[in-house]
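Structural overview
Here is how the chains run, residue by residue.
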Amino acid sequence: MLCDFLAYHESVKGHSNHTVDEYCLDLRGFFRYMKRLKRIVSRDMPEQDIPVDDVDINLIRTISLSDVYSYLTYLNREKGLNEASRARKISAIRSLFKYLTVKTHMLEENPIQDLDLPKVRKSLPRYLTLEESVRLLKSVQGKNPERDYCILVLFLNCGLRISELVGLNVSDIHGNTVRVLGKGNKERILYLNDSCMDALDNYFIVRNAMTLIEPDALFISNQRKRISKSAVHLLVKNNLAAAGLDASLYSAHKLRHTAATLMLQSGVDVRTLQEVLGHDHLNTTQIYTHVSSENLADAAAMNPLAHIKEKK
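A brief look at the structure comes next. (Residues numbered from 1 in each chain as written. Predicted model: local features only at pLDDT ≥ 70, side-chain atom pairs only at ≥ 80, totals over all residues. Heavy atoms only, no water.)

1. With respect to the packing of aromatic side chains
According to the stated counting rule, one finds 10 aromatic pairs in the structure shown. Relative to Tyr-99, the ring of Tyr-8 lies with its centre 5.1 Å away and its plane at 40 degrees, an arrangement referred to as tilted. In this pair, Tyr-8 is assigned in helix α1 (residues 2-11) and Tyr-99 in helix α5 (residues 83-103), connecting sequence segments 91 residues apart. A relative accessible area of 10% means that Tyr-99 is categorised as buried. Cluster of aromatic residues (ring-pair linked, three or more members): Phe-30, Phe-31, Tyr-33, Tyr-71 and Tyr-74. (Phe/Tyr/Trp six-rings, centres within 6.5 Å; stacked < 30°, edge-to-face > 60°. Helix = DSSP H or I, 4+ residues; strand = E, 2+ residues; numbered from the N terminus. Buried < 20%, exposed > 50% of the residue type's maximum accessible area, 1.4 Å probe, protein only.)

This is the structure we're talking about:
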């Protein structure tokens with residue numbers, strides 16, 4: 001049953017392997033707790049030893065809303081998980097019960113239909129300013145400067161996810177466009193500006209002189225294979241440090257956030273940005289619509305009543 005549910009998310013919903021694996025881990029932890037709660041196993045049994053391959057619809061029918069709230073309390077008090085981590089686990093549980101109720105009809109009613117997600121405090125992710133972004137691009141160094149510069153340029157101009165960048169093939173480049181395979185295997189076409197085209201041209205001069213093991217891959221490692229996510233993370237950190245920026249505060253994902261922020265500050269509307277970033281929902285894109293205190297000060301100064309003073 002659980003295998004069918006995970007297969008449904010992978011094949012029908014089009015979720016990535018990473019998302020499906022997270023659902024699997026989250027549900028495994030949930031059912032281990034439920035087996036302890038309902039005394040199906042001894043409470044002294046180590047959590048990692050509790051089997052879940054025998055979980056069936058009969059066990060699931062015994063689970064109530066209060067049981068799930070008990071699990072939430074356990075995640076908070078015993079595991080010390082933050083709101084975001086608890087919300088992700090609850091999302092997996094809600095998805096399973098909805099699947100069993102709506103899709104397979106193995107449950108007549110959904111007992112956790114009214115389950116509230118933990119409130120997640122929203123914080124504004126860090127991003128590089130325009131000046132810091134330029135400094136980063138001017139400070140590229142290392143064994144593969146053309147490749148690393150091109151990677152940073154694509155991050156900062158196209159707002160790519162690291163998985164999207166690593167997955168790029170040479171055949172994805174068509175003139176001044178690139179085909180990007182995003183989450184859920186959804187394709188989108190992005191336009192490459194002059195900066196991107198220039199960086200790619202310079203990188204291809206170096207790349208074309210190499211004998212490659214994986215010739216389809218756009219970005220190549222020192223082993224002449226497709227570059228890995230860990231290698232990209234490392235080159236981002238190294239070049240941030242070379243630019244005099246605190247590498248502990250930024251990452252490849254922060255460069256995606258930087259790209260979105262700079263586009264918005266330059267007048268790109270949120271709906272267009274949604275398409276560029278490959279977001280399914282507009283509210284996901286709206287986390288990038290934060291404004292700086294400078295913007296707020298400018299807005300106050302531009303108010304037509306800003307210069308009206310009280311007569312004395």
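Let's pick the thread back up.
2. Overview of the pattern of salt bridges
Tallied over the full model, the rule gives 12 salt bridges. Of the charged contacts, one joins Asp-148 and Arg-147 as a salt bridge, the two residues approaching to 2.9 Å between their closest N and O atoms. Each member of the pair Asp-148 and Arg-147 is classed as buried. A salt bridge links Asp-172 to Arg-179; its shortest N-O distance comes to 2.8 Å. On the basis of relative accessibility, which here comes to 26%, the residue Arg-179 falls in the partly exposed class. Linked through salt bridges whose partners overlap, the residues forming this network are Glu-22, Asp-26, Arg-88 and Lys-89. (Salt bridge = Lys/Arg side-chain N within 4 Å of Asp/Glu carboxyl O.)

3. A few points about helix α2 (residues 17-37)
A rise of 1.5 Å per residue sets the reference length of α2, with its 21 residues, at 30 Å; its end C-alpha atoms lie 30 Å apart and thus fit the reference within 8%. Burial in α2 covers these residues: Val-20, Tyr-23, Asp-26, Leu-27, Gly-29, Phe-30, Phe-31, Arg-32, Tyr-33, Met-34, Lys-35 and Arg-36. At its buried positions, α2 is contacted by α1, α3 (57-61), α4 (65-77) and α5. In the stretch just after α2, Arg-39 is the one whose phi turns positive, near 60 degrees. (Expected span 1.5 Å × (residues − 1). Contact = heavy atoms within 4.5 Å.)

4. What to know about the side chain of Asn-110
Within the secondary structure, Asn-110 sits in the loop between α5 and α6 (130-138). Within the local environment of Asn-110, its side chain forms a polar contact with the backbone nitrogen of Ile-112, the two atoms lying 3.0 Å apart. Contact partners of Asn-110, with chain neighbours within four places excluded, come to Phe-97, Lys-98 and Thr-101. (Polar contact = N/O pair within 3.5 Å; in protein donor to acceptor, adjacent residues only side chain to side chain.)

Bear in mind that shape data such as this cannot, by itself, settle questions of function.
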